[in-house]
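Remarks on the overall topology
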Amino acid sequence: MIVQFLIRLELLLLSWMAHVRLSKSLERHFSVKLQPPSSNQMQMQQSTLPSIISNYYLLITASQFHVPFYSSRLLPNTFALLLVTHAYTEWFNNNPRRTAVYLVFTAATFRCDALLLLFTIGLTMLILRQLSILQAIVTGVLTGVCSLLMTVPLDSLLWRRPIWPEFEVWWFNTVDNRSSEWGTQQWHWYFSRALPKGMLLTALLVPFAFMRLPEHANWWGRKKFGKDRTPHGIFDLRLIRFFAPVCGFVMMYSFLPHKEIRFIFPALPMFNVCAAYGMSRLHQVAFPKSEGQEIRNKTNNKRNGKTNLVAKAIYLSGVGAISCTMMGNLLFVRLSKENYPGGVALERLRLHLETSMDSSLGSSNAPEIKKLQSPKWENVLLHIDVAAAMSGVSLFGQRYASHHFLNGEKVSFKVDKSGYEEENSMESTSSMYTHLLTEQQSIDGYHLIESIPGHPRLDIRNFRIATKDAIFILERNGWQI
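The sections below set out a description of the structure shown in this document. Values in this document were obtained by computation on a predicted structure and should not be read as measured data.

Some words on the overall build of the protein chain
Across its full length, the protein chain carries 20 helices and seven strands. A burial count over the protein chain gives 45% of its 481 residues as buried. The long-range share in the protein chain, meaning contacts at least 24 apart out of those at least 6 apart in sequence, stands at 78%. On the protein chain, roughly 25700 Å² of surface is accessible, and the fraction owed to carbon and sulfur atoms is 62%.

Here is the structure:
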């Protein structure tokens, strides 16, 4: 377990460094391309606005649940999110070839669905002439070949057969079109459910990245008292060339019947960039830093007080959105504690086996009987079904639960997950197992040891977290350790 903790801590630090690097690239990007030179007031804000955007990006990302929570999980989605975040960094740094390298490597090695993001971003870079067709082909081919030379031998060694995992996933989802076997959602689910769930109230800040509503609201308030300079047009399209391809990625992914929020994790950093830019707009309107504005505030405190109050109220609404998202984050953390019944069931099974062993060995003090009893730990044959495996059973937990020391000697029981394949149905082979971790409450020939609650939901009426039995620990009748 210590090894697992250290590995996840290292992955968390790498993920954190990727977001910090992206925030620094935002600071550099906006320090160069902040406002047209015709606006003196906005020019004078240039020295403060880039750092504000950078800080708000980190704050908004940290306030959400899914990105920080998954940043240390050993999933392909986590590695893909990390690499895509670096790709965004290079994109904001105006390094299109490095951006393409990150995306191609991600698609070939960790998540084949990054091909959709590669397509939308690559097409944008071609249209904007950031990359030529020849550069795109050379970069894609070289990076793809290098990626295959890394992933195919390693994965073939681990799977014990020649394999390119991401190609098989792509074939399963597109050619065979079998993703619906894992459940389906409506086409708009990513926009109507997943993104709002991932961003919570910080999603309300995204429109302010593309619309100068705070500036215009502030200007209308001042117009009653004087002739302030009219702000620029209502729309701000500075980030549209970054946001539109990512939005296109989510739209294209919506055609796949099976949907999960983790599939669109690569889109969340760009949505957070837009939310951070929108929040920085609210900040600048509420706390203007230009010299001309300060002079007007000193001479017209009375007339400016009301409009400044409105601007600060809008800003506080943004702060409230981030604060509520943080509170929602805490609620999600509490709910997630009940969301891994498979892992809990594996720990409870180990405790049950140890208790059974202690009671059987304690019934006799004869060393020869202990010697006869000790190999029976190895006779345990555990079957883990899909529901249990998807709800907290990890290889680290599996190794810890199956190992045991008897008289200074380490013994292990066997764990089988053959129920994943269609040709191995649990009903036809269940009699060979001594124990089952399954979502089925009763199976002939087995008796229930313990039921583990899961599927948490918020019961608002009773102000509590409601759960129901999710994973059941079954033991074969007549079996004793």
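Still to come is the rest of the account.
Some words on the pattern of salt bridges
For the coordinates displayed, the defined rule picks out 12 salt bridges. Put simply, Arg 212, Asp 236, Arg 238 and Arg 281 are held in one network by salt bridges that share partners.

Looking at the packing of helix 1 (residues 2–32) against helix 5 (residues 76–92)
Their axes nearest at 8 Å, the elements helix 1 and helix 5 cross at an angle of 20 degrees. With respect to helix 5, the element helix 1 is oriented roughly parallel. Helix-helix and strand crossings are classified by hand; for helix 1 and helix 5 the assignment is left-handed. Here Leu 11, Leu 14, Ser 15, Ala 18, His 19, Arg 21, Leu 22, Ser 25, Leu 26 and His 29 of helix 1 lie close against helix 5, whose contacting residues are Thr 78, Phe 79, Leu 82, Thr 85, His 86, Tyr 88, Thr 89, Glu 90 and Phe 92. Here the contact of helix 1 with helix 5 is built from residues that sort into nine nonpolar, eight polar and two charged.

Quick look at the state of the cysteines
Here the structure, examined in full by the defined rule, presents zero disulfides. Cysteine Cys 247 remains unbridged, with the sulfur of Cys 274 as its closest cysteine sulfur at 8.6 Å.

A word on the packing of aromatic side chains
The description of two aromatic rings rests on the distance between their centres and on the angle between their planes. For the structure on display, the rule yields 20 aromatic pairs. With a centroid separation of 5.4 Å and an interplanar angle of 50 degrees, the aromatic rings of Phe 65 and Phe 332 are classed as tilted. You can see Phe 65 sitting in the loop between helix 3 (49–63) and helix 4 (66–70) and its partner Phe 332 sitting in helix 15 (residues 301–336), a full 267 residues away along the chain. Residue Phe 65 shares its accessibility class with Phe 332, and that shared class is buried. Ring centres of Trp 164 and Phe 167 lie 5.7 Å apart, and the angle between their planes is 15 degrees; this geometry places the pair in the stacked category. Through successive ring pairs, a cluster of aromatic residues spans Phe 65, Phe 69, Tyr 70, Phe 265 and Phe 332. Over the ring of Tyr 400 we find Arg 350, and its NZ or CZ is 4.6 Å from the ring centre.

Observations regarding the pairing of strand 5 (residues 435–438)
Residues His 435 and Leu 437 line one face of strand 5 and the alternating positions Leu 436 and Thr 438 line the opposite face, and both faces are buried. For strand 1 (residues 381–384) and strand 5, the ladder comprises three bridges, and the chain directions are parallel. By the bridge assignment, Ile 384 is partnered in strand 5 with Leu 437. Bridge count for strand 5 against strand 7 (residues 464–476) is four bridges, and the pairing is antiparallel. Residue pairing for strand 7: Thr 438 is matched across the bridge by Phe 472.

Here we look at helix 9 (residues 165–175)
Turning to helix 9, its buried residues number three or more, namely Pro 165, Glu 166 and Asn 173. Down the axis of helix 9, the sector holding all buried residues measures 95 degrees, keeping them to one side. Considering only its buried residues, helix 9 is in contact with helix 6 (96–109) and helix 8 (133–159). Residue Asn 177 follows helix 9 closely and has a positive phi angle near 55 degrees.

Some details on unusual backbone geometry
In the Ramachandran plot, Asn 94 falls in the positive-phi region, its phi being about 65 degrees despite a non-glycine side chain. Following the sequence through the fold, Asn 94 ends up in the loop between helix 5 and helix 6. Although it is not a glycine, Leu 200 sits at a positive phi angle of roughly 55 degrees. Here Leu 200 is to be found in the loop between helix 10 (189–199) and helix 11 (213–223).

Description of the environment of Leu 13
Residue position: Leu 13 is located in helix 1. Leu 13 gets classed as partly exposed once you look at its relative accessible area, which sits at 43%. Linking Leu 13 and Ser 72, residues 59 residues apart in sequence, is a C-alpha distance of 8.2 Å.

Rules and cut-offs
- Residues numbered from 1 in each chain as written.
- Predicted model: local features only at pLDDT ≥ 70, side-chain atom pairs only at ≥ 80, totals over all residues.
- Heavy atoms only, no water.
- Helix = DSSP H or I, 4+ residues; strand = E, 2+ residues; numbered from the N terminus.
- Buried < 20%, exposed > 50% of the residue type's maximum accessible area, 1.4 Å probe, protein only.
- Contact = heavy atoms within 4.5 Å.
- Areas by Shrake-Rupley, 256 points an atom, 1.4 Å probe, with all protein chains shown as cover.
- Salt bridge = Lys/Arg side-chain N within 4 Å of Asp/Glu carboxyl O.
- Axes fitted to C-alpha atoms, helices over the stretch in contact; angles between N-to-C directions.
- Parallel < 35°, antiparallel > 145°, perpendicular 65-115°, else oblique.
- Left-handed = near helix turned anticlockwise from the far one by under 90°.
- Nonpolar A, V, L, I, M, F, W, Y, C, P; charged D, E, K, R; others polar.
- Disulfide = S-S within 2.5 Å.
- Phe/Tyr/Trp six-rings, centres within 6.5 Å; stacked < 30°, edge-to-face > 60°.
- Lys NZ or Arg CZ within 6 Å of the ring centre and 35° of its normal.
- Pairing = 2+ DSSP bridges.
- Arc of directions from axis to C-beta.

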